[in-house]
Amino acid sequence: MLDTFATGMMHLKFLNGHSAEAVALSSQQTGAQALAAMRLTVPQPALVIIGGASLMDADSLKRLQTVFNQVFAPLAEALSLTVLDGGTDAGVIHMMGQARHFVGGSFPLVGVVPQGKAKLPDDAAIASSVTDDSVTDDSRHDLEPHHTNFFLVPGDSWGSESPWLAEFASLVAQGQPALTILINGGQVALTDLQANLAKERPAVVLAGSGRLADTIATAMAAADTDEADPDIDPAIAELIRIHQPSGKLSVLDLALPVDQMRDRIQQYFTSVM
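Small disclaimer: the values here were computed from a predicted structure and weren't measured. (Residues numbered from 1 in each chain as written. Predicted model: local features only at pLDDT ≥ 70, side-chain atom pairs only at ≥ 80, totals over all residues. Heavy atoms only, no water.)

> Account for helix α6 (residues 187–198), naming residues and giving values.
Side chains three or four residues apart in an α-helix point the same way, a direct result of the helix having 3.6 residues per turn. Over its 12 residues, α6 extends 17 Å from the first C-alpha to the last, a length consistent with the 16 Å expected when each residue adds 1.5 Å. Buried within α6 we find A189, L190, D192, L193, A195, N196 and L197. Where α6 terminates, the next one or two residues include E200, which has phi positive at roughly 65°. (Helix = DSSP H or I, 4+ residues; strand = E, 2+ residues; numbered from the N terminus. Expected span 1.5 Å × (residues − 1). Buried < 20%, exposed > 50% of the residue type's maximum accessible area, 1.4 Å probe, protein only.)

So this is what it looks like as structure tokens:
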């Protein structure tokens, strides 16, 4: 894994000309210490993007990128949100980076990535920092090159970043409005959702985006009827039982017109500002 904090802040330079600041944490380092080292402006309202884009057809992917370009990124810019996600250049994280570039955004876009999965843009930096021979370059994934900041957290597997992502969002918001949006996703996204809901942060499930998001949306619709699925994952059933009645867990449809979706998401921030 990376030699954490031995070199302090890292300045990353991407091939597209963009640059970002990164901090690698040790297991003894707290999120608050890393945030202080990063010198992000806090408190700021926060938007957390979790999930993926697997098994989506071309039309759905195009629609989802439109939502990022016309809803998430413009709101982040207009409301001075700090956006946090998984940091690697794939799926919805790639879409978030592309959307920030599309709108010419200046809002912070912060990736939280397991050290064992992070491929830095400088190959020499990786070579000098690998200390665990069991972690090969093939297991690492490129960082999304439109992000502004990265927290490289302890761990060699996906999901090890989940509690850190939830914690950083809370540390950034510090009582300011914050929202989690689940798109598509699988088991790691469920872990992310559990961690963020445990922070009492409301979460929106984007129905129509597939996989976990659709499973949860369907189960929520059936929760108070005789059509409830007895075979639903107990972890999902528990999240719905606890958080749906309070409104902490809600659903938006991917097919909703973008202006209506923008208004609905904006309400999570402006109604309490």
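> Any chance you could break down helix α7 (residues 211–222) for me, citing the residues and the numbers?
Over its 12 residues, α7 runs 17 Å from end to end, which matches the ideal 16 Å to within 8%, given 1.5 Å per residue. On the buried face of α7, the contacting elements are β9 (178–183), α6, β10 (203–207), α8 (234–243) and β11 (249–253). (Contact = heavy atoms within 4.5 Å.)

> Just give me the short version of the pattern of salt bridges, but keep the residues and values in it.
Scanning the entire structure with this criterion turns up 2 salt bridges. The salt bridge involving R241 is made with E238; its shortest N-O contact spans 2.8 Å. Highlighted residues: R241 and E238, both in helix α8, separated by 3 residues, approximately one helical turn. (Salt bridge = Lys/Arg side-chain N within 4 Å of Asp/Glu carboxyl O.)

> Before we move on, could you go through the side chain of E161 and cite the residues and values that matter?
Note on placement: E161 falls in the loop between β8 (149–153) and α5 (162–173). One polar contact links the side chain of E161 to the main-chain amide nitrogen of G159, over a distance of 2.8 Å. Look past the residues within four positions of E161 in its chain and what remains in contact with it is V112, V113, P114, V153 and V188. (Polar contact = N/O pair within 3.5 Å; in protein donor to acceptor, adjacent residues only side chain to side chain.)

> Give me the lowdown on the environment of G91, citing residues and values where you can.
With respect to the helices and strands, the residue G91 is situated in helix α3 (residues 91–102). The sequence separation of G91 and G185 amounts to 94 residues, and the corresponding C-alpha distance is 9.6 Å.

> Break down the packing of aromatic side chains for me, with residues and values.
Overall, the coordinates contain 4 aromatic pairs when judged by the stated rule. Note on F14 and F150: the rings are 6.2 Å apart at their centroids and 50° apart in plane angle, and the pair reads as tilted. Of this pair, F14 sits in the loop between β1 (10–13) and β2 (19–24) while F150 sits in strand β8, and the two are 136 residues apart along the sequence. Residue F14 shares its accessibility class with F150, and that shared class is buried. Three or more aromatic residues link up through ring pairs in this structure, and these residues are F151, W164 and F168. For the cation-ring pair, R100 lies above F107, with the distance from its terminal atom to the ring centre recorded as 5.4 Å. (Phe/Tyr/Trp six-rings, centres within 6.5 Å; stacked < 30°, edge-to-face > 60°. Lys NZ or Arg CZ within 6 Å of the ring centre and 35° of its normal.)

> Can you explain the side chain of D192? Please cite residues and give values.
With respect to the helices and strands, D192 occurs in helix α6. Buried and without a salt bridge, D192 has R201 as its closest oppositely charged side chain, separated by 9.7 Å. (Lys, Arg positive; Asp, Glu negative; His and termini not counted.)

> How would you sum up the pairing of β2? Please name residues and give values.
Of the pairings in the sheet, the one linking β1 to β2 comprises 4 bridges and is antiparallel in character. Across the sheet, the residue bridging to L12 is A20, located in β2. Hairpin geometry of β1 and β2 is characterised by an intervening segment of 5 residues between the two adjacent antiparallel strands and by a positive phi of about 95° at G17. Both β2 and β8 contribute to a ladder of 4 bridges, which runs parallel. Across the sheet, the residue bridging to E21 is N149, located in β8. (Pairing = 2+ DSSP bridges.)

> Lay out unusual backbone geometry with the relevant residues and their values.
In this structure, P43 follows V42 across a cis peptide bond, with omega equal to -5°. Locating P43 in the fold gives a position in the loop between α1 (31–38) and β3 (46–51). Within the chain, E200 stands out as a residue other than glycine whose phi angle is a positive 65°. Take E200: it is sitting in the loop between α6 and β10. If you check the backbone angles, R211 has positive phi at about 50° while not being a glycine. Along the polypeptide, R211 turns up in helix α7.

The values are spatial; any link to function lies outside them.
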